[in-house]
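Examining the three-dimensional arrangement
Here are the chains, one letter per residue:
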Amino acid sequence: MIRVLVVEDEDMIREKIKHNIDWADNGFGEIYEAANGAEAWELFERHRPEIVITDIQMPEMDGIVLTEKIKQAYPDCKVIIISGHAEFDYAKESIRLKVSDYILKPFRSRNLLAKVLKVKEEIDSSQLDLQEREQMRRQLSENRKLLQEKFFRDLLSHCVVHEPYKQISFLGLEELQSRSYHTVVLQIDFSLAGTQHEDMYITNLLLYQWMERQIQENEIQCFIINYKLDQLVLIGFDHMHTWSALLEEWIEKAWMEKGCRLTAGIGSNCGSLLEMHGSYQEACSAVALSSIHGKGIVFTYNDLNSERDQYSRQLQMLIDHKLYRQMKFGLFQDIKSDIKEILDEIKKARLSTDASSNMINHMLLLAYKAINELGFNAFYLADREDLYRVDVNDFHDFEALHDHICQIFQHFTELIQTKLENRNVSLVMTIKQYIDEHYNEHITLTSLAKEYKISSSYLSILFREQTSQNFMDYLMNVRLQKAKELLRTSDLRIYEIAERTGYRDAYYFSAAFKKAVGLNPTEYREYLDTGGGRAAE
């Protein structure tokens, strides 16, 4: 408990402070007393109280000197000055010494208690903050591996990492500064029919743990990151040839022991942190070749093509292209323009026919991925047993190729649009019902988007399309209608109505109500009481 030292040379005032205040009932511990500054300093060093209440004018050592000594030795100690002198010099000196408060004689005991309780609250808050920081410090130490993985995720995602080299030191990743490395992607094949979502997570975790054992058994220096549900990422320091041999062995072993088919892609050698994202993208591009050459193989960035520099740029252009975002909205005119842009880029690059075929099949592969992300089955939309594949050699010119690809995407777009319209109507109706039932809870567009597994921007567009209102206007209208009902039918106070209708702040509720209705809640209730009734509704 917080201890207090009372320093006062006048016995009556010292006794008043000690006995007129019920220290124990107000949460204080021991109360020490001293008749002068010298005696007070001895008591302070012996007991280290958290609060000192001291007079200024005292024999042997005055309050200002005592305060200065205390603050020099223990700056966190809180000091309250009492004095019968209101001179500016004393006040100025107190400010310099960072005194917590200043009270003039004569004073009431309750006024002094109020100041001491305020200081006690500051101490309690400071101690709580220290405890929370210590707890966080322990958690940081205990969760270092998770923090390492988050750090790698940020680098792989090309997020801005604040002071990365300081983080490297804290997380024990100094090797990243002193050695070059390769980024390796291990793609997990979940294409087997009937695979449940829960089984995917289980398979992912089993493979992650299995890979950790392989790394330990082979005494390989690398970091493993569980980056995506269908993808593990390794940051390895060995030569590419060493990695290729190891990965081939692990791919075969994973199939024999776990029944899981893996495909590997190795990115180029990196000499700095800033290169990790590029190496990862190369590894993803390499592993994407499995759609053409088959799974269970180790691909490297060198395998992309003999014209790999140009090919890599074209492949990256595909991955980042807006075509796949347009597909999710089913806007075929925009998609048609995107297809022409991509084919013109391929043509301008003067790639071989094989490389051009690979590029186009990558484009289709990414389209199937976009279809799957919408929750549709690409085989079902294609209306055939196998997915579309294109060989440039089958077409006499790029115009014919363009028309063929446009037909494929038009077929997909029409079916997606039909299915999206049906699904979107149902989705918005469900969300409206949820808002109607949970309006008094903390609801945001982001939380609803997360709950229904779509992006917040897309949900905003859908909501406006289906209701002709934006999300926030609809939510606010539901809350205000309920507030009107409570104002009309209950005796609840304004702040209680605010809480029951989802507003955390009564002032904001009143402002929002007045903006919408023209009267604040109190005025609205008075208007109802005077017979305004229906007109105000």
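This section reports on the structure supplied with the text. All of these numbers come straight from a predicted model, not from anything done at the bench.

All right, on to the overall build of the protein then. Along its length, the protein carries 25 helices and 10 strands. Across the 537 residues in the protein, those meeting the buried criterion constitute 43%. Within the protein, contacts between residues at least 6 apart in sequence are counted, and of these 66% link residues at least 24 apart. Carbon and sulfur atoms make up 49% of the accessible area of the protein, which amounts to about 29,600 Å² in all.

Taken across its 6 residues, strand S8 (residues 231-236) has 6 buried, putting it largely inside the fold. Covered by surrounding structure in S8 are Gln-231, Val-233 and Ile-235 together with Leu-232, Leu-234 and Gly-236, the residues of both alternating faces. In terms of strand pairing, strand S6 (residues 181-188) meets S8 through 6 bridges, oriented antiparallel. In the strand pairing of S8, Val-185 is matched with Val-233.

A word on the side chain of Arg-479. Summarising the element assignment, Arg-479 is placed in helix H21 (residues 471-489). In this structure Arg-479 is buried but unpaired, with Glu-441 as the nearest side chain of opposite charge at 8.5 Å. Within polar-contact distance, the side chain of Arg-479 engages the backbone oxygen of Tyr-439 at 2.7 Å. Side-chain polar atoms of Arg-479 contact the backbone oxygen of Glu-441, separated by 2.9 Å. Non-local contacts of Arg-479, meaning those with residues more than four positions away in its chain, are made with Tyr-439, Glu-441, Ile-443, Thr-501, Gly-502 and Tyr-503.

Take the sheet that holds strand S3 (residues 51-55) next. Ordered by their spatial adjacency, 5 strands build an open sheet running S2-S1-S3-S4-S5, and the pairing between neighbours is parallel. Where the open sheet ends on each side, the last strands, each with one partner, are strand S2 (28-34) and strand S5 (101-104). Strand-to-strand twist in this sheet, taken as the mean axis angle between neighbours without regard to direction, amounts to 15°. Where strand S4 (residues 78-83) and S5 come together, 4 bridges link them in parallel fashion.

According to the stated counting rule, one finds 14 aromatic pairs in the structure shown. Arranged with centres 5.9 Å apart and planes meeting at 10°, the rings of Trp-41 and Phe-44 form a pair that is stacked. Here Trp-41 and its partner Phe-44 are both found in helix H2 (residues 37-47), 3 residues apart, which amounts to about one turn of the helix. Phe-44 carries the same exposure label as Trp-41, and that label is buried. Centroid distance Phe-463 to Tyr-474: 5.5 Å. Interplanar angle 65°. Geometry classified as edge-to-face. Separated by 11 residues along the polypeptide, Phe-463 in helix H20 (residues 456-467) and Tyr-474 in helix H21 bring together distant segments of the chain. For the pair shown, Phe-463 and Tyr-474 are each scored as buried. Lying across the ring of Phe-107, Lys-16 places its NZ or CZ 4.5 Å from the centre.

Counting 28 residues, the largest nonpolar core has Leu-323, Met-327, Ile-339, Ile-360, Met-363, Ile-405 and Phe-409 as its most contacted members. Mapped onto this core, the elements with two or more residues apiece are helix H14 (323-329), helix H15 (332-348), helix H16 (353-373) and helix H18 (398-438). No other element matches the 8 residues that H16 contributes to this core. Not counting the four nearest positions on each side in its chain, Ile-405 is found in contact with Ile-339, Leu-343, Ile-360 and Met-363. Judged by nonpolar contacts, the second largest core, of 27 residues, contains Met-200, Cys-222, Leu-247 and Leu-262.

Analysis parameters
- Residues numbered from 1 in each chain as written.
- Predicted model: local features only at pLDDT ≥ 70, side-chain atom pairs only at ≥ 80, totals over all residues.
- Heavy atoms only, no water.
- Helix = DSSP H or I, 4+ residues; strand = E, 2+ residues; numbered from the N terminus.
- Buried < 20%, exposed > 50% of the residue type's maximum accessible area, 1.4 Å probe, protein only.
- Contact = heavy atoms within 4.5 Å.
- Areas by Shrake-Rupley, 256 points an atom, 1.4 Å probe, with all protein chains shown as cover.
- Pairing = 2+ DSSP bridges.
- Lys, Arg positive; Asp, Glu negative; His and termini not counted.
- Salt bridge = Lys/Arg side-chain N within 4 Å of Asp/Glu carboxyl O.
- Polar contact = N/O pair within 3.5 Å; in protein donor to acceptor, adjacent residues only side chain to side chain.
- Axes fitted to C-alpha atoms, helices over the stretch in contact; angles between N-to-C directions.
- Phe/Tyr/Trp six-rings, centres within 6.5 Å; stacked < 30°, edge-to-face > 60°.
- Lys NZ or Arg CZ within 6 Å of the ring centre and 35° of its normal.
- Core = buried A, V, L, I, M, F, W, Y, C linked by side-chain atoms within 4.5 Å.

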